[in-house]
Amino acid sequence: MSAKASPTAAAAPAERREQPAVGPVIAHASMANAIRALAMDAVEQAKSGHPGMPMGMADVATVLFSRFLKFDPADPAWADRDRFVLSAGHGSMLLYALLYLTGFEAMTLDEIKRFRQLGSKTAGHPEFGHVPGVETTTGPLGQGLANAVGMAIAEKHLATVFGDAVVNHKTYVIASDGDLMEGISQEAIALAGHLKLNKLIVLFDDNGISIDGALSLADSVDQLKRFEAAGWTASRIDGHDPAAISTALEKAQTSDKPVLIACRTKIAFGAPTKQGSEKSHGSPLGADEIAGARKALGWTSAPFEVPADILKAWRAVGTRSKSAHADWKKQLAALDSSNRAEFERRMKGDLPKQALKDAVRAVKEKLAAQPKDIATRTACEFALESLIPALPEMIGGSADLTGSNNTRIKGMKTISPADFSGRFIHYGVREHGMAAAMNGMALHGGIVPYSGTFLVFSDYCRPAIRLAALMGKRVVHVMTHDSIGLGEDGPTHQPIEHLAALRAIPNLLVFRPCDAVETTECWQLALENSDRPSILALTRQNLPQLRNRLDSDNICARGAYEIAGPDGRSDVSIFATGSEVAIAVEGAKLLAARGVAARVISVPCFELFLEQKEEYRRAIIGDARVKIGVEAAVRQGWDAIIGSDGIFIGMTSFGASAPYKELYRKFGITADAVAHAALTKLGKM
C-alpha cells in the first residue's frame, strides 16, 4: 500500500490527460468518488456487501473506463467490445456503479438501491445474464481470471479467422489477492503466458488485506516475479495515482505478452477508521464511518445522489466509443457476404443446423452399414471426424490426455503462440484452468468449446462446470475412463461417485452412451443444447454396438428408451447406462432362457428423461414386478427410476487394480448377477 496516499488525496484534481475524451471536464477524483459513494450507500442500505474493494479500486476503474475500455452501453453485446471481467466478484458494487454511471439502460438507480435484494439485477456477486455489462459470473475466486484467459484465446482465434478489422479487442481483469492465491490462477496465468495472450491485461488490487487481516498472515509471494516467470510483463504502480494508472495501461496496449499491473491501493479508501483494514472487506461501513468518509472525500451529496455535472461526465464516458463502434460496423459491412454471415451466425451462437444434421446422419449411416464394437471414447473420435468439419466453431482440447481422450481428429491443427488458426488446444495438466477457460470462450461468443480429461478428474473441473451450468453456457466436457472398466490404473483413477455428483448439478446434462450410435446422438444433443453444459462419460473398454438399425430420429433425446425386450408384458425391467447396457442385455437373455420376460432400457441421460412428459416416463418405467438398475457407480439418484424398493447392481466401495473383466466379476456387475437378482426377487431361485 502507498504510504503517501491519503483520503484527502482523492479530492485533488487530476491532470487534464486523465479526463474523458468527450463531455465536461470533471476532476478524476470526483468521478472516482461517485463510485465510492454509490458503493458505500448500496452496501449500507442492504446491510450486506463488500464496500472496501470498490472504494479502493475506484481510481483504477475510473481511468480504465474513461480512457481505455472500448464499450458502448447502447449496444452491450457489440461483438468487438473490450471484455471487462471483475474477477474479484465480491466487489460487485464497483461494476454496478460503473454500469449505472456510464448509462447502461438496465442498470438504474433503483436497481442500485435494491442491491442484494430478491429479484434485483444487482446480485451479491455479478451474475451473467442478469444485466447487460456483466461478462461472466464471478465470486468464486480465480474463476473470472481463468474465464478471461478463455476470452483472450477466443479473441485471438477469431481475429485469425475473420481478420482484425472486425475482431480486435482486449480483455481486462480486476483481480484480488484471493484470485491470485487460488490454485486455478496458476493454471490460468501459465497457459496465458505460454500462448502469449498479449491482449489480456490484469489489474491486481494489491491492497495487502485479506478477510483474516494482513495478507502477510498467509502469503508472501512476490506476484510480479511469479507472473514474469510465467511469461507475463509485470509492474507495480500507485493505484490511487491516475497518471501512473494511465501510463501503465498505455504501455500495456502494445505489449507482446499478457500484462499484470499490480495497483497498490488502500481498501475502503477514504474511510476514516476502516481504510486499510479487513473490517471494511465484507461488512457495511456504518453510518458514522460513511459520514466521515464523505467528509474526507469532499462528497456532500445525499445517499444515492450523484451531482448532475459528475453524472454527465460519466455518461459522456459511455459515449466515448461510439465512433469506434460506427467504424467497426463499416468494417463488418465491408466483409464479403459469406464471411459476414458466418461471423454473425457464430457470434449469435446459432449452429449450422443442416450441416449438423447431415454430419450426424452420415455417422449413423456408416455405423448401420458397418457396426463397430469399439470403446465409446473411440466412437467419440469417430463422430468428431464428421462433426468438426461441419461446425467450424468447435474448438477442442485435452488436459495432456489427447491420446486417451480421443478428442483430436487426424489433421486437426493445434493453436500455438505463433498460429491461432488451429482448432485444438494443448491445455497441459490444468483441468481446472481448462474448464474455466472453456467457459470464457463460450461467454466470448463465436466458439463452442469442448475438451477432454478422465471422469475421475471432474473433481478438478467441478467449480467451473458448476458455473457453466449456473450461467447456462454451452460447454462440452469429454470425460473418458468412466468406471472400473478402465482397469489396471486402479481406484485412484476409477470414478465411483462422480456420475451422481455431476447429476446433482442443476442445468447440467450428463450423458453416458452405451455404444457408438448413442455416442453420436449424445454429441448432437450436447451441441444443440445451447443453454447448458454437457458431460460425455465414455469408456476405455470396447463395447458391442447394440443399435444396428438406422434411426432418423435422435432416440437419446428421450433420455431413456427400450433398447431390447420381448413383445408383450415383461416381468422384469432392467435399466442401465453406458457399458452396463450390454450387461443388462445379456442378463435379459439369461432370464429369457428361464422363461422370464425382461425388457432393457438404456438411460443415456437422466436429466433428459426426467424432462419428458409424465406419460412417457410412466411408460418407460413401466409396472414390471422387478425393477433393476445397473451402473458401475453408486446408487445415488437411481431411485427416481427404479424406486426405493428397486434392485441396484453397482458399486458400494472404491475399485481396485486389475484387468477390467476381473473387476466386473469381483464387484458383481455381471449378467449372471442381474439374472440372479431378478429370479430371487421373483421367487424362482
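Above this note sits the structure.
Residues numbered from 1 in each chain as written. Predicted model: local features only at pLDDT ≥ 70, side-chain atom pairs only at ≥ 80, totals over all residues. Heavy atoms only, no water.

Moving on: the sheet that holds strand β13 (residues 534–537). As summarised here, the arrangement of the six strands in space is β9-β8-β10-β11-β13-β12, forming an open sheet in which the pairing is parallel. Edge positions in the sheet fall to β9 (424–426) and β12 (509–511), since each of these pairs with one other strand and no more. Each strand of the sheet is rotated relative to its neighbour by a mean of 20°, with strand direction disregarded. As defined by bridge partners, strand β8 (residues 394–398) adjoins β9 across three bridges and the pair is classed as parallel. Each bridged residue has a counterpart across the sheet, and for Ser398 the counterpart in β9 is His426. In the packing of helix α16 (residues 376–390) onto the sheet, contacts are made with β8, β10 (448–454) and β11 (476–480), and the angle to β8 comes to roughly 150°. (Pairing = 2+ DSSP bridges. Helix = DSSP H or I, 4+ residues; strand = E, 2+ residues; numbered from the N terminus. Axes fitted to C-alpha atoms, helices over the stretch in contact; angles between N-to-C directions. Contact = heavy atoms within 4.5 Å.)

Across the five residues of strand β15 (residues 572–576), five count as buried, placing the element largely inside the fold. Both faces of β15 are covered, namely the face carrying Val572, Ile574 and Ala576 and the face carrying Ser573 and Phe575. Here β15 pairs with strand β16 (residues 598–602) via five bridges, running parallel. Among the inter-strand pairings, Ser573 is bridged to a residue of β16, identified as Arg599. With helix α22 (residues 580–593) bridging β15 and its parallel neighbour β16, the resulting β-α-β unit is right-handed. Pairing geometry for β15 and strand β17 (residues 626–630), over five bridges, is parallel. (Buried < 20%, exposed > 50% of the residue type's maximum accessible area, 1.4 Å probe, protein only. Right-handed = clockwise from strand over helix to strand, strands pointing away.)

Looking now at the packing of helix α18 (residues 431–444) against helix α19 (residues 458–471). Two quantities define a packed helix pair, namely the angle between the helix axes and the distance between the axes. Axis separation between α18 and α19 bottoms out at 6 Å; the angle between their running directions is 20°. Taken together, the axes of α18 and α19 are roughly parallel relative to one another. Note that α18 runs across α19; the crossing there is right-handed. Here Glu431, His432, Ala435, Ala436, Asn439 and Leu443 of α18 lie close against α19, whose contacting residues are Tyr460, Cys461, Pro463, Ala464, Leu467, Ala468 and Met471. Taken together, the residues that form the contact of α18 with α19 break down as ten nonpolar, two polar and one charged. (Parallel < 35°, antiparallel > 145°, perpendicular 65-115°, else oblique. Left-handed = near helix turned anticlockwise from the far one by under 90°. Nonpolar A, V, L, I, M, F, W, Y, C, P; charged D, E, K, R; others polar.)

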